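What follows is the residue order along each chain.
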Amino acid sequence: PNKSKKVVEPIKKFELSKEYLERLQTGIAASDTAYILDSLDGVNVADIAAILDELETSESIYVLRLMEGQLAADIVIELYDTTLEKVLQELEIKEIASWIQLMDSDDGADIISLFSEKEREEVIAEIDDRIKLEQILELLRYEEDTAGGIMAKEFIRANKNWNVVQTINEIRRQAENVDKFYSIYVVNNKQQLLGRVSLKKIILSASETTIESIMEDEVISVPVYMDQEEVASLMRKYDLESVPVVNAKNKLVGRITVDDILDVVQEEAEEDIQAMAGVSADIEESDSVFTISKARLPWLLIGVIGGLMGAKLIGFFEGGLSKYLALASFIPLVAATGGNVGIQASSLIVQSLASKSAFDDTPWQRFFKGFLVALLNGLVLGIFVFLVVAYVYGFEPVFGITVGVALFCVVLLSSFMGTVTPLVLHHFGINPAIASGPFITTTNDLIGLAVYFGVAMLLLNL
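All values reported here derive from a predicted model rather than from experimental measurement. (Residues numbered from 1 in each chain as written. Predicted model: local features only at pLDDT ≥ 70, side-chain atom pairs only at ≥ 80, totals over all residues. Heavy atoms only, no water.)

Peer 1: Please clarify how the sheet that holds strand 2 (residues 184–187) should be interpreted in this entry.
Peer 2: Within a sheet, each strand pairs with its neighbour through backbone hydrogen bonds, oriented either parallel or antiparallel. Reading across from one edge, 1-2-3 is the order of the 3 strands in this open sheet, with mixed pairing throughout. The open sheet terminates on both sides in strands that have one partner only, identified here as strand 1 (157–159) and strand 3 (193–197). The sheet shows a mean angle of 35 degrees between the axes of neighbouring strands, direction not considered. The sheet contact formed by strand 2 and strand 3 spans 4 bridges and is antiparallel. Residue pairing in the sheet places Ile184 in a bridge with Val197 of strand 3. (Pairing = 2+ DSSP bridges. Helix = DSSP H or I, 4+ residues; strand = E, 2+ residues; numbered from the N terminus. Axes fitted to C-alpha atoms, helices over the stretch in contact; angles between N-to-C directions.)

Peer 1: I tried to follow helix 4 (residues 57–66) on my own but got confused; where do I start?
Peer 2: The periodicity of an α-helix, 3.6 residues per turn, causes residues three or four places apart in sequence to face the same way. Taken together, the buried positions of helix 4 are Glu59, Ser60, Ile61, Val63 and Leu64. At its buried positions, helix 4 is contacted by helix 1 (18–29), helix 2 (33–40), helix 3 (45–54), helix 5 (69–78), helix 6 (81–90) and helix 7 (93–100). (Buried < 20%, exposed > 50% of the residue type's maximum accessible area, 1.4 Å probe, protein only. Contact = heavy atoms within 4.5 Å.)

Peer 1: Can you help me understand the environment of Leu114 in this one?
Peer 2: Looking at where Leu114 falls in the secondary structure, it is placed in the loop between helix 8 (105–112) and helix 9 (117–125). Once the C-alpha coordinates of Leu114 and Leu84 are considered, the two residues, 30 residues apart in sequence, prove to be 9.4 Å apart. Once you skip the residues sitting within four places of it in the chain, Leu114 turns out to touch Leu84, Glu85 and Leu88.

Peer 1: What exactly am I supposed to notice about the side chain of Asp106 here?
Peer 2: Here Asp106 shows up in helix 8. With sequence-adjacent residues up to four places away left out, Asp106 is seen in contact with Leu139, Ile150, Met151, Ala152 and Asp260.

Peer 1: It is not clear to me how the packing of helix 4 against helix 6 should be interpreted in this structure. Could you clarify?
Peer 2: Angle between the axes and distance between the axes: these two values describe a pair of packed helices. Their axes nearest at 10 Å, the elements helix 4 and helix 6 cross at an angle of 75 degrees. Our classification of the angle between helix 4 and helix 6 gives roughly perpendicular. Contact residues: helix 4 offers Thr57, Ser60, Ile61, Leu64 and Arg65, while helix 6 offers Lys86, Val87 and Glu90. Split into classes, the residues belonging to the contact of helix 4 with helix 6 amount to 3 nonpolar, 2 polar and 3 charged. (Parallel < 35°, antiparallel > 145°, perpendicular 65-115°, else oblique. Nonpolar A, V, L, I, M, F, W, Y, C, P; charged D, E, K, R; others polar.)

Peer 1: Looking at this model, I keep getting lost on the nonpolar core. Mind explaining?
Peer 2: Formed by 58 residues in total, the largest nonpolar core has its most connected members in Ile100, Ile111, Val222, Val231 and Ile256. Excluding anything up to four places from it in sequence, Val231 contacts Ala147, Val222, Met226, Val243, Ile256 and Ile261. Residues Val403, Val451, Tyr452 and Ala456 belong to the second largest nonpolar core, which totals 21 residues. (Core = buried A, V, L, I, M, F, W, Y, C linked by side-chain atoms within 4.5 Å.)

Peer 1: So what exactly am I meant to see when it comes to the pattern of salt bridges here?
Peer 2: Side chains that differ in sign of charge can pair as their charged atoms come close. In this structure the tally under the stated criterion is 6 salt bridges. With its nearest N and O atoms 2.7 Å apart, the salt bridge here joins Arg65 to Glu95. Within this pair, whereas Arg65 is found in helix 4, its partner Glu95 is found in helix 7, the two being separated by 30 residues in sequence. A salt bridge links Lys132 to Glu154; the shortest N-O distance between them is 3.1 Å. With a gap of 22 residues between them, Lys132 in helix 10 (residues 130–140) and Glu154 in the loop between helix 11 (147–150) and strand 1 connect regions that are remote in the sequence. We classify Glu154 as buried; its relative accessible area is 5%. (Salt bridge = Lys/Arg side-chain N within 4 Å of Asp/Glu carboxyl O.)

Okay, here's the thing in structure tokens:
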């Protein structure tokens, strides 16, 4: 006889289109609940959040209120920061509290931290789940960019003295509040972390086997005060799906999962990109014109001031330029090459600083290696420019030598600036990515011009 096969429904693939968005907004305006729920049925929460990000705040709230509690809470977590803040401002305190109770503790703490002190107290007062409330309050004590600030309180632990049967029963009980778990953490009677044990070992072991006898005692953990970037680096290095968090007494207080670290990596990458682009604050495209301008203007002013200083510097050599007008033709070449070399050098240093490997070169080794690279590049570029200027453009050989030597010197000095600047910034606790932005470009432009005209004065007797 033919056996009927169970049909597994695929995950609903969703693509946001302008047509669907307009139809959804029409449904919201007409309070067409059936259409809204049917069109969103089976859609991933991240996709639903992306839809709400495109709607007006009142429309987003209308859709959220139609959703079942747990689904609504999951969607809220995925909302874009600016959308989330607008939505929270319009929601009732009781609604927010009810959704927070359905979130993981770290997500709930993130939501509460967005409120003012007064509003935070009001939300906390509405949370009925005392265990969840205690977990959230504990997380709020930690700095947001530390292991304690990004950890979750939901995890599964087992006492070292339990046998396999007791542990499985506890897993069933504790797993009600844990969506994902990769292993079981083993603790003693003081809740201090001793090791971890895999589910496979628990399942394959005899019923009376104690957890202590099958656990792995070499477990990587992080202290609550560790910077989130260091946690991300450690998890990436050891390819960890989760890492336990301990306090000063080695008591197990939480865990950090790979999805938390992905958020950290994204945040840090965005900060570095903005720093390299010369943006002095964390801004979003949806921010006001004034906010975006305020974040971008300082570095633009530095660039303008640098340009004015460059113009003044060129003015000092006006007499030489009148004698050798061709010198002006190669100013863009010198400035652009200096800027490119500086950015290349600083970007490599920033990348090596971010890796934080135990086998990284010392600052002096980095500097020496950068010098050798600059020496080789400078020689190649200088000789190439000399040949082009003297034999392709037809200038006097001494003029070609001048441009070639000047370019060689500019490459060396720009590489020096690009190497040293991020190391100095890093030493003083400043984001070294700033060195890859307008700061290094403007500085190298001025250095390049000064060196170019200095070499010209020596070799052309200006």
